[in-house]
Structure formats: structure tokens, C-alpha cells
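Descriptive structure summary
Residues per chain are reported as follows:
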Amino acid sequence: MNKLGNSKKLSESEVKDYLKEYSRIISELGSEDNRVLRTGNNPIGDYGEWLVAKKLNLELYPSSEKSFDAYSGKLKYQIKSRQRRILPDKKGNRNLSRQLGVIRNYDEADVENKYLIALFFESDFSILEGYKISYRYLREIGEYNEHQNGLIINLSNKKIKKWMEKGQIEDITEKLK
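A brief structural summary.

**Overview of the sheet that holds strand β5 (residues 127–134)**
Strand order in the open sheet formed by six strands is β1-β2-β3-β4-β5-β8, and the pairing between neighbours is mixed. Since the sheet does not close on itself, it has two edges, and those belong to β1 (59–60) and β8 (169–171), each with one partner. Inspection of the sheet shows strand β3 (residues 75–83) paired to strand β4 (residues 114–121) by eight bridges, in the parallel sense. Pairing of S81 across the sheet is with L119, part of β4.

Laid out in C-alpha cells, this is it:
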């Protein structure tokens, strides 16, 4: 039995039907009435931004806003989301990558009232973990990558525990469920 509950290999027409349904779903989530999806990028990023804004009562910037996704008064938030692999990699793993997207335009002199929200999803879009990190700690937590022109943040469980003990990361998982 496959993951869709079928006990047989999909026919070409069934594959096309599933892809048409996927297209319909993406269109509906991006419609003017819903605005869950705001870009043509991977839906997990747009969904994470939408969910965080709803759960934390934030306003979303237009999708063209540079560096930040949401705000509340003077507070600015950049939201990064990761999802456990739906399909296994070449080795058969469905691991959850702990590396977030690149943080560009990071200015150590301008970190007040700025936060990174890191959100980790299961393959079915349920929330595994969520963290709020002050921008003042990103340089310590992340590593600058010249090729990508930004900070790379890798939130391993060991690092999260260490930084939570230091008060540098706040676990906001329950607020997001």
C-alpha cells in the first residue's frame, strides 16, 4: 500500500489528477480570500509566516519586504520554516534539517527590537518546535557564509538546549499550536 492509501501503482491519468488537485489546493491557499500562500516559493515558508502571524497576532509585511516578514509596533520578525522530508532521500532518510534559510542583510549594529522565529514542521504540517531568538544573538548562534552572503543558522538540539539555558532562545512551540 502506498502513502496515499492505494494498493497499486498510480496510472498516468491518476498522477495527472493528483497534480491537478495539488494545483487547485495551491491556488485556493493563495487566493485573495485566504492569502496563506503569498509567493511562488515553497509553500512551507509562506504557511509558516501566515501561521506565526495568526498565532502571535502579528501583521505581515508585503512579500516584497526585505529581510523581515512580520511586525507588531516597533518589533520586527523574520520567520524561517523547515519541514521534515515527505519523501526519503537517497539513503532512505526522512530527517528534519535543522539548518534555516540564510539570514541576509544582518547588521550587528542594528539588532534592537528584531527577532528570528524558527519553526519546524512534521511532514504533515503539524508543528514540532518553534523558537524566538533575539537578533542580538544571531552572530553568536550563526555562522557567516561569504558565498551565500549571509548568516547560516543551524539549530541542533544541543545548541538549542545550551542557548535556552543562557536565555538566548525562547521556546514558543505551545503558542504556535
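**Concerning the layout of surface pockets**
By volume, the largest pocket is sized at about 590 Å³. Secondary structure elements with two or more residues in the lining of the largest pocket: α2 (43–56) and β3. Tallying contributions element by element places β3 first for the lining of the largest pocket, with five residues. Classifying every residue of the lining of the largest pocket gives seven nonpolar, ten polar and nine charged. Taken as a whole, the second largest pocket holds about 440 Å³ of empty space. What lines the second largest pocket is a set of 15 residues, among which Y22, P43, Q83, I86 and F125 lie closest to the centre. When residues of the lining of the second largest pocket are traced back to their parent elements, those giving at least two are α1 (12–29) and α2.

**Details of the pairing of β4**
Counting buried positions over the eight residues of β4 gives seven, a clear majority of the element. Here β4 pairs with β5 via seven bridges, running antiparallel. Bridge pairing in β5 links L116 to I133. Counting the residues in the hairpin turn of β4 and β5 gives five residues, including F125, whose phi is positive at 75 degrees.

**Quick look at the side chain of R98**
Mapped onto the elements, R98 comes out in the loop between β3 and β4. We classify R98 as buried; its relative accessible area is 13%. A distance of 2.8 Å separates the side chain of R98 from the backbone oxygen of L155, its partner in a polar contact. Filtering out sequence-adjacent residues up to four positions away, R98 remains in contact with F120, E129, I153, N154, L155, S156, N157 and I160.

**Overview of the nonpolar core**
Core analysis: the largest hydrophobic core is formed by 21 residues, its most contacted members being I103, L116, Y135, L138, I153 and L155. When residues of this core are traced back to their parent elements, those giving at least two are β4, β5, α3 (138–141) and α4 (157–165). Of all the elements, β4 adds the most residues to this core, at three residues. Residue contacts for I153: discarding those within four places in its chain leaves R98, Q99, L100, I103, L116, L138, I141 and G142. Grouped together as the second largest cluster of nonpolar side chains are 14 residues, L51, A53, Y77 and I172 included.

**Observations concerning the pairing of β5**
Among the eight residues that make up β5, six are buried, leaving the element largely enclosed by the rest of the structure. Where β5 lies against β8, three bridges are found, and the strand directions are antiparallel. In the strand pairing of β8, Y131 is matched with D171.

Scoring rules and cut-offs
Residues numbered from 1 in each chain as written. Predicted model: local features only at pLDDT ≥ 70, side-chain atom pairs only at ≥ 80, totals over all residues. Heavy atoms only, no water. Pairing = 2+ DSSP bridges. Helix = DSSP H or I, 4+ residues; strand = E, 2+ residues; numbered from the N terminus. 1 Å grid on protein atoms, 1.4 Å probe; cavity = no way out; pocket = protein on both sides within 12 Å on 5 of 7 lines; lining within 4 Å. Points joined across faces, edges and corners; volume = space filled by probe spheres on them. Nonpolar A, V, L, I, M, F, W, Y, C, P; charged D, E, K, R; others polar. Buried < 20%, exposed > 50% of the residue type's maximum accessible area, 1.4 Å probe, protein only. Polar contact = N/O pair within 3.5 Å; in protein donor to acceptor, adjacent residues only side chain to side chain. Contact = heavy atoms within 4.5 Å. Core = buried A, V, L, I, M, F, W, Y, C linked by side-chain atoms within 4.5 Å.

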